[in-house]
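# Inside the fold
These are the residues of each chain, in order.
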Amino acid sequence: MRGAALALLVLLCGAALVVGYGNKERCTGPRFDAQGRSEPNYEVRRYRDVCYSDIQQLWLGREIDKHVFPYVSGSLDAEGHLLGGSVEYPVLTGMLIWAGAYFASTDGQFLFWSALLLAPFGLAVGWLLGRMARWRALMWALSPPLVLYAFHNWDLPAVACTVAALYFALWRGRPLVAAALLGFGFAFKIYPIIFVAPLALYVLAASPSRRDLLGAVRVVLTAGLSAVLVNLPFVLAGPEGWAASFQFQQQRPVDITANSLWFWGFRPYSDPSSHGFQAAVNAWSPLLVVLSFAVALAVGWWRYRREGVYPLLPVCASMLCGFLLLYRVFSPQYTLWLLPFFALVPVRWGWFVGFLVTDLAMGIGIFRWYYSIQVGLPNDAYTNLAEQAVVAGVWGRVALLTALFGVFLKSKGKTPVEKPEPVLREPELEPVGVA
């Protein structure tokens, strides 16, 4: 896709982002209290009107409203509260949060400036997918999840790093650039780093007759070095504040906000006060996630032995399904992570539509259910339509992610775009004779 068609795709993506911002902006104002919190009845409106965003919510509680530079003087107290400007995200996201709040004095302004910072990443994803997948990129640009979650949290930069890494690895033949982008993605959100392993195997499997071990090692080292270089200044300036973001996520319990199979599949035992259950999940969830990664990587290598090409896209998509299925928490905006793979890996449209339906049930139902709980309405699954939607969304998503793990993995990984073979080394020049 080139020229006018690509420009139209990006324009449509921009329109979706504008609608997404308008949806979240409904929760702001029209008045603000002394701390810059929206009035009236923000606590009720955020759930009732399905316009909640973590961006607006976290204006208070992390010293963002006080414009404290993140991590440097931060810490995590004994009760698990973040102090001194630390936030529960990696350092580049922390910098985006600080920058978005720099000119803000209310949660509405914070949402506005944050959306301005995040929108270019969403547009970049649309542009890259248009280059790689042509009109299948509409699965990103016009998808309901982009409207619902683009400005729900700070996930767009990590998605952009992931998609750009795939573009440089497969369409430009620059795996080291791809590895560096995955390292930078780790400094926005953790998940892009999981794709370093299949990228290294893709480089290792340079051809059916040759293994590029040195190239694979360079991929791992490049990704690690880029992640270290971004994080190191914060580690040196405020090691306790830097570590607090990881400690906070590690201590997060499986509770009503987790939206994962661990909470819904083990009720009523999955109560935050059940320390034995929480400890078991903290052990089993990462173990099963790593096991799913190992299965995907192994099947990818088996396919390489049979087909002569390591299926990078299918393996990455399958690994992400394993993570989303088995991790302790599934925040609503995690759906954005998976959307590009629907465009890039040519699975049947029914899988995509099914995932959208379950996501809409979950993404809308969960906040209406929170509203029912908050105002004391009947909120059990027998009488509350919102909880019924949540239950259907959760278990529909579990079933789809389980199936998609295999569907992605067996896909040929071809795209509608004719792409060049990966160039892992500069070609050697033949001697040129002088006439």
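Residues numbered from 1 in each chain as written. Predicted model: local features only at pLDDT ≥ 70, side-chain atom pairs only at ≥ 80, totals over all residues. Heavy atoms only, no water.

Looking up the protein in an unreviewed UniProt entry gives the name Membrane protein, with the organism given as Kutzneria viridogrisea. According to the UniProt record, the Subcellular location (unreviewed entry) comment for the protein is "Cell membrane". Per its UniProt entry, the protein bears the Sequence similarities (unreviewed entry) comment "Belongs to the glycosyltransferase 87 family." (UniProt positions renumbered as here; feature names shortened; annotations may be inferred.)

## Observations regarding the pattern of salt bridges
Inspection of the entire model under this criterion finds eight salt bridges. We note a salt bridge from D155 to K189, for which the minimum N-O separation is 2.8 Å. Of this pair, D155 sits in the loop between α7 (144-149) and α8 (156-171) while K189 sits in the loop between α9 (175-186) and α10 (196-204); the two residues are 34 residues apart in sequence, bridging distant segments of the chain. For E307, the salt bridge goes to K412, with nearest N and O atoms at 3.6 Å. With E307 in helix α14 (residues 275-307) and K412 in the segment after α18 (385-410), this residue pair connects regions lying 105 residues apart in the sequence. Judged by relative accessible area, which is 55%, K412 ranks as exposed. A cluster of three or more residues bridged by salt bridges with shared partners is formed by R303, E307 and K412. (Salt bridge = Lys/Arg side-chain N within 4 Å of Asp/Glu carboxyl O. Helix = DSSP H or I, 4+ residues; strand = E, 2+ residues; numbered from the N terminus. Buried < 20%, exposed > 50% of the residue type's maximum accessible area, 1.4 Å probe, protein only.)

## Some points on the nonpolar core
Within the largest apolar cluster, 135 residues are counted, with the highest numbers of intra-cluster contacts made by W140, L338, F341 and F408. The element contributing the most residues to this core is α8, with 13 residues. Beyond its immediate stretch of four places on either side in the chain, F408 contacts P314, A317, S318, C321, L338, F341, F342, V345 and V347. (Core = buried A, V, L, I, M, F, W, Y, C linked by side-chain atoms within 4.5 Å. Contact = heavy atoms within 4.5 Å.)

## Focus: a nonpolar patch on the surface
Together, Y102, F103, F112, W113 and L116 give the surface a local cluster of nonpolar side chains, amounting to about 550 Å² of exposed area. Relative to the helices and strands, F103 is located in the loop between α4 (91-101) and α5 (107-133). (Patch = residues over 30% accessible without salt bridge, like charges linked within 9 Å, V, L, I, M, F, W, Y side chains within 5 Å. Areas by Shrake-Rupley, 256 points an atom, 1.4 Å probe, with all protein chains shown as cover.)

## Here we look at the state of the cysteines
Tallying each qualifying case throughout the model produces one disulfide. Covalent S-S linkage joins C27 and C51, the inter-sulfur distance amounting to 1.9 Å. Handedness here is read from the sign of the S-S torsion; for C27 and C51, about 75°, the answer is right-handed. One end of the pair, C27, is in the loop between α1 (3-25) and β1 (31-32); the other, C51, is in the loop between α2 (42-48) and α3 (54-57), with 24 residues separating them in the sequence. We note that C27, like C51, is buried. (Disulfide = S-S within 2.5 Å.)

## Describing the packing of aromatic side chains
Scanning the entire structure with this criterion turns up 37 aromatic pairs. Seen from their ring centres, F342 and F408 are 5.7 Å apart, and the 55° between their planes marks the pair as tilted. Here F342 is found in helix α16 (residues 335-344), whereas its partner F408 is found in helix α18, with 66 residues between them in sequence. Assessed through its relative accessible area of 0%, F342 is described here as buried. Within the aromatic cluster, the residues linked to one another by ring pairs are Y21, F69, W98, Y102, F103, F112, W113 and F151. Sitting over the face of the ring of F330, R397 holds its NZ or CZ atom 3.7 Å from the ring centroid. (Phe/Tyr/Trp six-rings, centres within 6.5 Å; stacked < 30°, edge-to-face > 60°. Lys NZ or Arg CZ within 6 Å of the ring centre and 35° of its normal.)

## Quick look at the UniProt feature "transmembrane region" (unreviewed entry) in the protein
Per the UniProt record, "transmembrane region" (unreviewed entry) is annotated on residues 110-130, 151-170, 176-204, 216-236, 283-302, 309-329 and 349-370. For residues 176-204, helix accounts for 69% and strand for 0%, while the C-alpha atoms at its two ends are 13 Å apart. Structurally, residues 283-302 comprises 100% helix and 0% strand, and the distance from its first C-alpha atom to its last is 29 Å.

## A word on the packing of α8 against α9
Packed helices, taken two at a time, are described by the angle between their axes plus the distance between the axes. α9 packs onto α8 with a crossing angle of 170° between their chain directions and a minimal axis gap of 8 Å. The angle between α8 and α9 places the two elements in the roughly antiparallel class. Touching A158, C161, T162, A164, A165, F168 and A169 of α8 are P175, V177, A178, L181, L182, F184 and G185, all from α9. Residues belonging to the contact of α8 with α9 are distributed by class as follows: twelve nonpolar, two polar and no charged. (Axes fitted to C-alpha atoms, helices over the stretch in contact; angles between N-to-C directions. Parallel < 35°, antiparallel > 145°, perpendicular 65-115°, else oblique. Nonpolar A, V, L, I, M, F, W, Y, C, P; charged D, E, K, R; others polar.)

## Some remarks on the side chain of S318
Within the secondary structure, S318 sits in helix α15 (residues 312-326). Within polar-contact distance, the side chain of S318 engages the backbone oxygen of F405 at 2.9 Å. Those residues in contact with S318 that sit more than four places away from it in its chain are A296, F405, F408 and L409. (Polar contact = N/O pair within 3.5 Å; in protein donor to acceptor, adjacent residues only side chain to side chain.)

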